[in-house]
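# Coordinate analysis (summary)
Spelled out, the chains give:
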Amino acid sequence: MNTLIFRTFAPFITGLMVVFSIFILLRGHNEPGGGFIGGLIAASAFAIYGIANGVPPVRRAIYFHPHSIAGFGLLLAALAGIPSMVAGVPYLTALWTYPVIGNVEVALSTPLFFDIGVYLVVVGAITGIALSLEERHRG
Amino acid sequence: MNDTQIYLLLPFAAAVIAPILVRFLGEKAAWILALFPAAIFVHLFGLVEQISNGEVVTGGFVWVPSLNANFTYFLDGLSLTFALLISGIGTLIILYAGGYLGGHKHFGRFLSFIFLFMGAMIGLVAADNLITLFIFWELTSITSFLLIGFDHNREASRRAAIQALVVTGGGGLALLAGVIVLQSISGVSELSLLLGQGDVVRDHPYYLLAFFLIIGAAFTKSAQFPFHFWLPNAMEAPTPVSAFLHSATMVKAGVYLLMRMNPVLGDTVIWETVLPVFGTATLVIGTLLAVRQTDLKLMLAYTTVASLGLLVMLTGFGGEKAIEAAVYYLIAHALFKGALFMIAGIIDHEAGTRDVRKLGGLRKAMPITFAAACLAALSMAGLPPFFGFLAKEEIYAAIAHPTFWGVSITLLTIFGNALMLVIGATVALKPFLGEPVKTPKNAHEGPILLWAGPVVLSIVGLVSALFAGFSNHDFVSPMASAIAGTSVEAHASVIPHFSLALLLSVITIGLGVAVYLKIDQARFAMAWLLAKIGWGPDKGFDQFISGLVRFATWITHRLQNGRMEAYMTTVFIFFGVVLWGSMIYFDELPNVPSFPVLSFYEWGIFTIAAVGLFSVIYANDRLTAIVSLGIQGFAVALIFMLFGAPDLSFTQFMVETLSVVILALVMTRLTLNKTDARKLSEQLFDACVALLAGSALMVLLLSVIQQPFDTALSDFFTSYSKVVAHGGNIVNVIIVDFRGLDTLGEISVVMIAGLSILALIRVKGQKMRKVLKQ
Amino acid sequence: METALSILSGLFFIVSIYLLLSKYVIRVLLGVALLGNAVNLLIFTAGRLTREVPPIIPSHLDVPAVATANPLPQALILTAIVISFSFFAFLLVLSFRAYQDLKSDDTETLRFAEPKNEPTPPLGY
């Protein structure tokens, strides 16, 4: 699988897939998509990159250890439930706010952060699995 | 929260601070800690006047009202006398423990256990709610387990502790069942209300069930024959424990329960048969076994068994006189037996042995102990002017009826009492009288912490009898009234007056003295007899436990034989049989479905899925296996797509891709056996099992889809997704909003799986082999 | 169409159970992977099927205009797919490590935790 074409194109494919995965994540509330799917797409992107170019470039590219990313995601998802407790409603109740940033109304909500948390957990955990297996495979 | 409640819970506070105090003050902490039970005692003593006038003190708080389990207490004559004995003797025991175990490295822990026990015991006698009663009852079992096993480095201690826990804990389960039965019979959950429901309970068809459960609990706790064996073994505990738990308090919990239940369960033929028969049997057997012993503590332990038998007999004998006698004897016994246990401990502590054959002539070395021992022994022997005398007089007055029943019980009681007198004399007099004998340690008087307890108890035994009018009015009458359920007026007097009872007392003493002079021969005869019998409940307990372990081992090896496919086969056969069986039994089989109408591409995808599926089975090499697995996975993704689930379809695609990738990565290292190595018959059998379980699920699903569908939940999500949760993708809204907590749990699982895989990969092969070798 | 999918789901169950019963760890693993799909199909079918209308509310409406597919089983299955994948990966690595260290993929010989002729536990206290 280490063909020149594959190796050359893999970084671009990966970059595209990661961007696409974020798109899928963010549109997930109203259209098909969401954290789980987005996370899986990004994880497959990194897995492909790993197969093509080896694991070390992938580790350098994502900078953080995959499990740190997953841990951060879990923390984010758990914390996304806290504001509702401050507001006096049960844990994880959705809260919405619509601040206007530069004439554009942005819909911010706790489920958004929760979904980002889900995304990061899936990306982190599954990339971690794939990369460690690939390392095993090579070494 | 009122005063009394705080006092009732005080021991638990003491249990917490005891280890800390001991760390700073050593054995002197006992002086401070003794203030806790003393405070309880003083407070309760202040209630005596009120309660002797027939009032009750109640209170508590609501705990689990829906289950009728509340923390409520009520104090009447019975509870109060018990609570006074527990806190009063408890105070002395704390001091005594300071002298006895002062230097022990776990002294703080020991005191903590003792206080926990004290709190449980006071809670038990004060409990109003039946569930509270059960909880404190079990707590006394558990704390006594801890105390008996205190010296856990010795096997004998461990065995005694386990034995006590098994026997009394088993009784506790009977109590739980018993109180639930009583609750359902009477409809009330408080003892104070239950006491008025006696007639309802006695006429109920479940009366016998409640009766046997309650006496099961009481007999195990109070060491009645044939459950008596755990009590002597519990003498492995340090002496303060024996003096506290196994004379004055815990073992009396069973007697307390019987006395408490007397107005509810008593006054029936079975009550007045079973209790006297077992009580008298325990009395006789206990004293006979006591004669056999040479260890001071064991002798006392067996006489405790006997005394408990006497109490049970009196409680069930019937009539106010017998109850009065039981009350007198209970108080007298707590006083003199507590004192004698502590004296045995002092002798052990100062002379280095508890063997009565190696002791003698200690009166010069230990004059105070000797004096206390004499007072206690005289009370035990039932001589005037001691409290024991009142008890003995009342017993004989109550039971000496000119009927066959009365006469036979009286004769056996005389026999038992005479032997108890012998033991009392042996324990209290033999070590002190006669020529001084060389003891392992050079005996001398112990510190005040040690002898304070027995001296106080012995003097109380004397004073309470001298002021019998006060004792009768303030303690005996209210307690006897509470047990009898009607007002009882006790008026025993310490001045002997000529009666049948006095005559019987004299006979008892005469018989006792005669046996005492021949004690060595009597002991020899008993030893010979027991050797002849050779088997007892104690040995039976060991056989029972080892039998249990063997049975458990056998059944474990049968069921868990270590072959995975056997487990799997069992599970799936069971699964299939349960599903098929219940569907057939309840006539829930689906109608024969009509032939499905599908478009050609749907047929095509279904066929692809099926082909992928079967080629997984027949895959001969890893590439085929991976590819066929991928085929069925993608087919499933397409099915999701066809039926309006783009999210699922997408997820399935990604997951199948990743599965294929990691499978490919791992499988290059794993060899897949070319052929299925199972024999054809095994393959057929497995196929049948798979057919059985799989078809059951298939039929279940067919039957499910023929039922009308309840759309309530789906409608809820559909109609509120946009309005409330501001999301158009209902599936995503359910995941991140409506059921967010579930998702949080699920991503935690993903995270944990990732971490475990990392750990598995990181563990080096060498290290793993080393771990496995261990 | 529910009928057809029920039967397909039943086939999935039969094949996966057959594989789970075989003695080779790798086949058992394939069975586990199939079992996940079988259960997902079961839940999906039990929630009834609707062709081609996903449970998405158009942006100008508050509730869908036409009957959509049942969203609830989809939400359940979506997380189930990801979890069963993690689980599958874990089992795969576990059996891989077991194979490396014990040199066997036969469940007959993989009995380290429950060896044959295990001694009886000690009697006594």
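Preceding this paragraph is the structure being described.
The sections below set out a description of the structure shown in this document. (Residues numbered from 1 in each chain as written. Chains lettered and ligands numbered in written order. Predicted model: local features only at pLDDT ≥ 70, side-chain atom pairs only at ≥ 80, totals over all residues. Heavy atoms only, no water.)

### What to know about the overall build of chain C
- On a plain count of helices and strands, chain C comes out with three helices and zero strands.
- The linear arrangement of helices and strands in chain C, starting from the amino end, is α-α-α.
- Here chain C has a C-alpha radius of gyration of 22 Å; the compact-globule value for 125 residues is 14 Å, and the former is much larger.
- Principal-axis analysis of the C-alpha atoms places the extent of chain C at approximately 70 × 35 × 30 Å.
- Entry remark: accessible area of chain C is about 4600 Å², with carbon and sulfur atoms responsible for 66%. (Helix = DSSP H or I, 4+ residues; strand = E, 2+ residues; numbered from the N terminus. Rg over C-alpha atoms; globule rule 2.2 N^0.38 Å. Areas by Shrake-Rupley, 256 points an atom, 1.4 Å probe, with all protein chains shown as cover.)

### Overview of the overall build of chain B
- Helix and strand counts for chain B stand at 34 helices and two strands.
- Expressed as lengths along the three principal axes of its C-alpha atoms, the size of chain B is roughly 115 × 60 × 55 Å.
- Counting every position in chain B, which comprises 774 residues, the buried fraction comes to 57%.
- Here the analysis covers contacts within chain B between residues at least 6 apart in sequence; of these, 78% occur between residues at least 24 apart. (Buried < 20%, exposed > 50% of the residue type's maximum accessible area, 1.4 Å probe, protein only. Contact = heavy atoms within 4.5 Å.)

### Considerations on the interface of chain C and chain A
- Counting residues at the interface gives ten residues for chain C, matched by eleven residues for chain A.
- In total, chain C and chain A occlude about 850 Å² of area from one another, counting both sides; carbon and sulfur atoms represent 84% of this.
- For the pair chain C and chain A, the interface holds zero salt bridges.
- Across the contact surface, chain C and chain A share zero residue pairs in polar contact (both at pLDDT 80 or more).
- Split into classes, the residues belonging to the side of chain C that touches chain A amount to seven nonpolar, two polar and one charged. (Buried area = accessible area lost by both parts, 1.4 Å probe. Salt bridge = Lys/Arg side-chain N within 4 Å of Asp/Glu carboxyl O. Polar contact = N/O pair within 3.5 Å; in protein donor to acceptor, adjacent residues only side chain to side chain. Nonpolar A, V, L, I, M, F, W, Y, C, P; charged D, E, K, R; others polar.)

### Description of the interface of chain C and chain B
- Across the boundary between the two partners, chain C contributes 91 residues, which contact 118 residues of chain B.
- Of the roughly 9500 Å² buried between chain C and chain B on both sides combined, carbon and sulfur atoms contribute 73%.
- Its largest share of buried area at the contact with chain B, chain C owes to Tyr18, Leu21 and Tyr125 of chain C, together 10% of the area lost on that side.
- Across the pair Arg51 of chain C and Glu602 of chain B runs a salt bridge whose closest N-O atoms are separated by 2.6 Å.
- Linking chain C with chain B are 14 residue pairs in polar contact (both at pLDDT 80 or more).
- Of all the secondary-structure elements, those providing two or more residues to the side of chain C that touches chain B are helix 1 (2-20), helix 2 (25-46) and helix 3 (71-102) of chain C.
- At 24 residues, the largest contribution of residues to the side of chain C that touches chain B is made by helix 3 of chain C.
- Of the residues that constitute the side of chain C that touches chain B, the class distribution is 58 nonpolar, 19 polar and 14 charged.

### Some points on the pairing of strand 1 (residues 57-64) of chain B
Residues and elements named next belong to chain B.
- As judged from the six bridges shared by strand 1 and strand 2 (residues 69-75), these two strands associate in the antiparallel manner. Bridging across to strand 2, Thr58 finds its partner in Phe74.
- Remark: four residues form the turn of the hairpin made by strand 1 and strand 2, two consecutive strands paired antiparallel; Asn68 in that turn has positive phi of roughly 60 degrees. (Pairing = 2+ DSSP bridges.)

### Description of unusual backbone geometry
- Cis geometry is adopted by the peptide bond preceding Pro226 of chain B, which originates at Phe225 of chain B and carries an omega value of 5 degrees.
- Mapped onto the secondary structure, Pro226 of chain B falls in the loop between helix 11 (207-221) and helix 12 (230-233).
- Phi at Asp587 of chain B is positive, roughly 55 degrees, even though this residue is not glycine.
- Position of Asp587 of chain B relative to the elements: it lies in the loop between helix 26 (564-585) and helix 27 (600-617).
- Unlike most non-glycine residues, Arg48 of chain C shows phi in positive territory, near 70 degrees.

### Remarks on the side chain of Thr3 of chain C
- Along the chain, the position of Thr3 of chain C falls in helix 1.
- Note on Thr3 of chain C: relative accessible area 14%, which makes it buried.
- For Thr3 of chain C, the residues in contact, after removing those within four places along its chain, are Pro593, Ser594, Leu702 and Ile705 of chain B.

### Digging into a nonpolar patch on the surface
Residues and elements named next belong to chain B.
- Residues Val16, Ile17, Ile20, Phe24, Leu25, Trp31, Ile32, Leu35 and Ile448 make up a contiguous nonpolar surface patch of roughly 880 Å² in combined accessible area.
- The greatest single-element share of the nonpolar patch, amounting to five residues, is contributed by helix 1 (residues 3-25).
- Topologically, Ile448 is positioned in helix 21 (residues 448-466).
- Using a relative accessible area of 44% as the deciding quantity, one classes Ile448 as partly exposed. (Patch = residues over 30% accessible without salt bridge, like charges linked within 9 Å, V, L, I, M, F, W, Y side chains within 5 Å.)

### Concerning the packing of helix 14 (residues 252-265) of chain B against helix 17 (residues 320-351) of chain B
All names here are of chain B.
- Running from N to C, helix 14 and helix 17 point in directions that differ by 155 degrees, and their axes come no closer than 13 Å. One finds that helix 14 runs roughly antiparallel with respect to helix 17. Every pair of crossing elements has a handedness; the one defined by helix 14 and helix 17 is left-handed. Taking contact as the criterion, the partners of Lys252, Val255, Met259 and Asn262 in helix 14 are, on helix 17, Ile323, Ala326, Leu330, His333 and Ala334. (Axes fitted to C-alpha atoms, helices over the stretch in contact; angles between N-to-C directions. Parallel < 35°, antiparallel > 145°, perpendicular 65-115°, else oblique. Left-handed = near helix turned anticlockwise from the far one by under 90°.)

### Some remarks on helix 19 (residues 387-399) of chain B
- Taking 1.5 Å of rise per residue, 13 residues should cover 18 Å, and helix 19 of chain B covers 19 Å from first to last C-alpha, within 8% of that figure.
- Along helix 19 of chain B, the residues classified as buried are Phe387, Gly388, Phe389, Leu390, Ala391, Lys392, Glu393, Glu394, Ile395, Tyr396, Ala398 and Ile399 of chain B. (Expected span 1.5 Å × (residues − 1).)

### Quick look at the packing of helix 18 (residues 367-381) of chain B against helix 20 (residues 404-428) of chain B
Residue and element names in this part refer to chain B.
- At their nearest, the axes of helix 18 and helix 20 sit 9 Å apart, and the two run at 180 degrees to each other. Taken together, the axes of helix 18 and helix 20 are roughly antiparallel relative to one another. On helix 20, the residues touching Phe370, Ala373, Ala377, Met380 and Ala381 of helix 18 are Met420, Leu421, Gly424 and Ala428.
- Here the contact of helix 18 with helix 20 is built from residues that sort into eight nonpolar, one polar and no charged.

### Some words on the pairing of strand 2 of chain B
- Of all seven residues in strand 2 of chain B, seven are buried, a share of seventy percent or more.
- With burial as the criterion, each face of strand 2 of chain B is covered, one bearing Ala69, Phe71, Tyr73 and Leu75 of chain B and the other bearing Asn70, Thr72 and Phe74 of chain B.

### As for the environment of Ser86 of chain C
- Among the structural elements, Ser86 of chain C can be located in helix 3.
- Here Ser86 of chain C falls in the buried class, since its relative accessible area comes to 1%.
- Not counting the four nearest positions on each side in its chain, Ser86 of chain C is found in contact with Val750, Ala753 and Ile757 of chain B.

### Section: the packing of aromatic side chains
Residue and element names in this part refer to chain B.
- For the structure shown, the criterion picks out 31 aromatic pairs over all chains.
- Summarising the aromatic geometry, the rings of Phe45 and Phe475 are spaced 6.1 Å apart at their centres and angled 50 degrees between planes, so their arrangement reads as tilted. On the criterion of sequence distance, the pair formed by Phe45 in helix 3 (residues 35-46) and Phe475 in helix 22 (residues 468-484) is long-range, its members being 430 residues apart.
- Ring plane angle 90 degrees and centroid distance 5.0 Å describe the contact between Tyr585 and Phe586, whose orientation is recorded as edge-to-face.
- What links up through ring pairs into an aromatic cluster is the set Phe41, Phe45, Phe470 and Phe475. (Phe/Tyr/Trp six-rings, centres within 6.5 Å; stacked < 30°, edge-to-face > 60°.)

### Section: empty space enclosed by the protein
- All told, the structure shown has six cavities of 30 Å³ or more when counted by the stated rule.
- Taken as a whole, the largest cavity encloses approximately 170 Å³ of empty space.
- Together, 15 residues line the largest cavity, and Val655 and Glu656 of chain B together with Ala33, Asn37 and Ser84 of chain C are the ones closest to its centre.
- If you list the elements that add at least two residues to the lining of the largest cavity, you get helix 28 (622-642) and helix 29 (646-667) of chain B together with helix 2 and helix 3 of chain C.
- Broken down by element, the residue count for the lining of the largest cavity peaks at five residues, all from helix 2 of chain C. (1 Å grid on protein atoms, 1.4 Å probe; cavity = no way out; pocket = protein on both sides within 12 Å on 5 of 7 lines; lining within 4 Å. Points joined across faces, edges and corners; volume = space filled by probe spheres on them.)

### Digging into the nonpolar core
- Ranked by size, the top nonpolar core spans 198 residues in total, and within it Trp230 and Met261 of chain B carry the most contacts.
- When residues of this core are assigned to their parent elements, the largest contribution, 22 residues, is made by helix 17 of chain B.
- Inspection of this core shows a minimum of three residues originating in each of domain 1 (1-268) and domain 2 (317-517) of chain B.
- Leaving out residues up to four positions away in the same chain, Met261 of chain B has contacts with Leu182, Leu191, Leu194, Ile214, Gly266 and Trp271 of chain B.
- Counting 126 residues, the second largest nonpolar core, distinct from the first, contains Val18 and Leu133 of chain A together with Phe12 and Leu29 of chain C. (Core = buried A, V, L, I, M, F, W, Y, C linked by side-chain atoms within 4.5 Å. Domains from an automatic or database assignment.)

### Some thoughts on the environment of Phe370 of chain B
Residues and elements named next belong to chain B.
- With respect to the helices, strands and loops of the structure, Phe370 is situated in helix 18.
- Here the alpha-carbon distance between Phe370 and Val455, two residues 85 residues apart in the chain, equals 9.7 Å.
- If sequence neighbours within four positions are ignored, Phe370 has contacts with Arg363, Ala428, Phe432 and Leu433.

### What to know about the pattern of salt bridges
Residue and element names in this part refer to chain A.
- Under the counting rule described, the total for this entry stands at 13 salt bridges over all chains.
- A salt bridge links Glu135 to Arg59; the shortest N-O distance between them is 3.0 Å. Pair noted here: Glu135 is in helix 6 (residues 110-138) and Arg59 is in helix 3 (residues 55-62), with a separation of 76 residues, a long-range link.
- The partly exposed category is assigned to Glu135, whose relative accessible area is 36%.

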